[in-house]
Amino acid sequence: MHATVNKSLSGWVYRVGGRLSDLLFPPVCLVCGEPGQPGRDLCPACAAALPWLESACRGCALPLPATEPGGALCGACRSGCSPLTEVHAAFLYAAPMDGLLRRFKFHGDLAAGRLLAQLMHAQLAAVERPQALVPVPLHLSRLRRRGYDQALELARPLARALRLPMLAGLRRTRATAAQSELDAAARRRNLRAAFAARGTLPAHVALVDDVMTTGATLQAAARALRRAGVARVDAWVCARVP
């Protein structure tokens, strides 16, 4: 009884607080500067222009023709073996999403990160729920330079919105070269033994990251979790590079 009342009260406070915040600080679209939608720093026109990923491979999130059945696998995933059970991306890495992600990841725009987490929630809320979210961590040296971990900044509000625990279930064991500077084969070599699992982990977790390109980072992280006994590892990313 008390738990139900407290949950209802906290929900009411959250909604009222959000409306007051909108009145005091009206949302402004982070893409074009026009007035944003209630509770969201994005205007209707820019929201309509977002490159939502509607039809994609269940195993790697690469786009598939709209005629493919839901949950289909691409040819590479049908013939390959990945430590990831499912991969879900909210968007393609294309305008205006690419600009928002660059601002968030490289220019300290945490408001863009909050917007991206809201948009991920809207797209991924219907996906099969894991028992916990695990952000893909930065190495401590890079975290010190950047000042924040972009995957953590996405995972924290996403976990809160979905009422899932967020676990620091991975650590980066060594500093690696920036993946953006490497080709696919070099990316895989760069990430060998780059992650280690830590703490007690449930049987089913979802890794959270900002962008998936070749999938090397997510697969290396998933292997570390599998070695630690996690039975199923999914990946949830904001955008997929086609």
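Residues numbered from 1 in each chain as written. Predicted model: local features only at pLDDT ≥ 70, side-chain atom pairs only at ≥ 80, totals over all residues. Heavy atoms only, no water.

A. Representation of the overall build of the chain in the model. Counting its regular elements, the chain contains nine helices and six strands. Within the chain, the proportion of its 242 residues that are buried is 42%. A fraction of 69% describes how many contacts in the chain between residues 6 or more apart in sequence connect residues 24 or more apart. Element-wise, carbon and sulfur atoms account for 57% of the exposed surface of the chain, whose accessible area totals about 12600 Å². (Helix = DSSP H or I, 4+ residues; strand = E, 2+ residues; numbered from the N terminus. Buried < 20%, exposed > 50% of the residue type's maximum accessible area, 1.4 Å probe, protein only. Contact = heavy atoms within 4.5 Å. Areas by Shrake-Rupley, 256 points an atom, 1.4 Å probe, with all protein chains shown as cover.)

B. Structural detail: the packing of aromatic side chains. Under the definition given, this model contains two aromatic pairs. Aromatic side chains Trp52 and Phe91 sit 4.4 Å apart centroid to centroid with 35 degrees between the ring planes, which places their arrangement in the tilted category. Placement of Trp52 in the loop between helix H2 (44-48) and helix H3 (75-79) and of Phe91 in strand E1 (residues 87-92) is noted, with a sequence separation of 39 residues between them. (Phe/Tyr/Trp six-rings, centres within 6.5 Å; stacked < 30°, edge-to-face > 60°.)

C. Inspection of the side chain of Glu86 at higher detail. Mapping Glu86 onto the fold places it in the loop between H3 and E1. One polar contact links Glu86 to His88, side chain to side chain, over a distance of 2.8 Å. (Polar contact = N/O pair within 3.5 Å; in protein donor to acceptor, adjacent residues only side chain to side chain.)

D. Inspection of the sheet that holds strand E2 (residues 132-135) at higher detail. One open sheet holds the four strands; their spatial order is E1-E6-E5-E2, and the pairing between them is parallel. Only two strands of the sheet have a single partner each, and these edge strands are E1 and E2. Neighbour-to-neighbour, the strand axes of the sheet open up by a mean angle of 20 degrees, direction not taken into account. Sheet analysis places E1 next to strand E6 (residues 232-240), joined by five bridges and oriented parallel. (Pairing = 2+ DSSP bridges. Axes fitted to C-alpha atoms, helices over the stretch in contact; angles between N-to-C directions.)

E. Helix H5 (residues 110-124), seen in detail. In a regular helix each residue adds 1.5 Å, so 15 residues correspond to 21 Å; H5 covers 21 Å between its end C-alpha atoms and thus fits that length. All of the buried residues along H5 are Ala112, Gly113, Leu115, Leu116, Ala117, Leu119, Met120 and Leu124. Looking at the buried positions of H5, the neighbouring elements they touch are E1, helix H4 (97-106), helix H7 (150-162), strand E5 (204-212) and E6. N-capping of H5 is provided by Asp109, with a side-chain oxygen placed 3.3 Å from the backbone N of Ala111. (Expected span 1.5 Å × (residues − 1).)

F. Up close: the environment of Gln150. Checked against the element boundaries, Gln150 lands in helix H7. Exposure remark for Gln150: the relative accessible area of 5% places this residue in the buried category. For Gln150, the residues in contact, after removing those within four places along its chain, are Phe104, Lys105, Leu138, Asp209 and Asp210. In terms of polar contacts, Gln150 uses its side chain to reach the side chain of Arg146, at 2.5 Å.

G. Region of the structure containing the environment of Ala196. Locating Ala196 in the fold gives a position in strand E4 (residues 195-197). For the pair Ala196 and Ala221, spaced 25 residues apart in the sequence, the C-alpha separation amounts to 7.7 Å. What Ala196 contacts, discounting residues up to four positions off in sequence, is Gly169, Leu170, Arg171, Thr173 and Ala224.

H. Geometry of the packing of H4 against H5. Contact pair H4 / H5: the axes reach a minimum separation of 8 Å and the direction vectors enclose 130 degrees. Judged on the interaxial angle alone, H5 and H4 are oblique. As H4 packs across H5, the resulting crossing turns out to be left-handed. Residue-level inspection shows Met97, Leu100, Leu101 and Phe104 of H4 in contact with H5, the latter providing Leu110, Ala112, Gly113, Leu115, Leu116 and Leu119. Per-class residue counts for the contact of H4 with H5 are nine nonpolar, one polar and no charged. (Parallel < 35°, antiparallel > 145°, perpendicular 65-115°, else oblique. Left-handed = near helix turned anticlockwise from the far one by under 90°. Nonpolar A, V, L, I, M, F, W, Y, C, P; charged D, E, K, R; others polar.)

I. Region of interest: the pairing of E2. Across the two faces of E2 the burial is the same, with Ala132 and Val134 and Leu133 and Pro135 all buried. The pairing of E2 with E5 spans four bridges and is classified as parallel. The residue of E5 that forms the bridge with Val134 is Leu207.

J. Quick look at unusual backbone geometry. In the segment running from Ala95 into Pro96, the intervening peptide bond is cis, with an omega of -5 degrees. Its place among the elements puts Pro96 in the loop between E1 and H4. Not every positive phi belongs to a glycine, and Ala61 is a case in point at roughly 70 degrees. Relative to the assigned elements, Ala61 resides in the loop between H2 and H3. Within the chain, Arg163 stands out as a residue other than glycine whose phi angle is a positive 55 degrees. Its place among the elements puts Arg163 in the loop between H7 and strand E3 (170-172). Its relative accessible area of 66% is what places Arg163 among the exposed residues.

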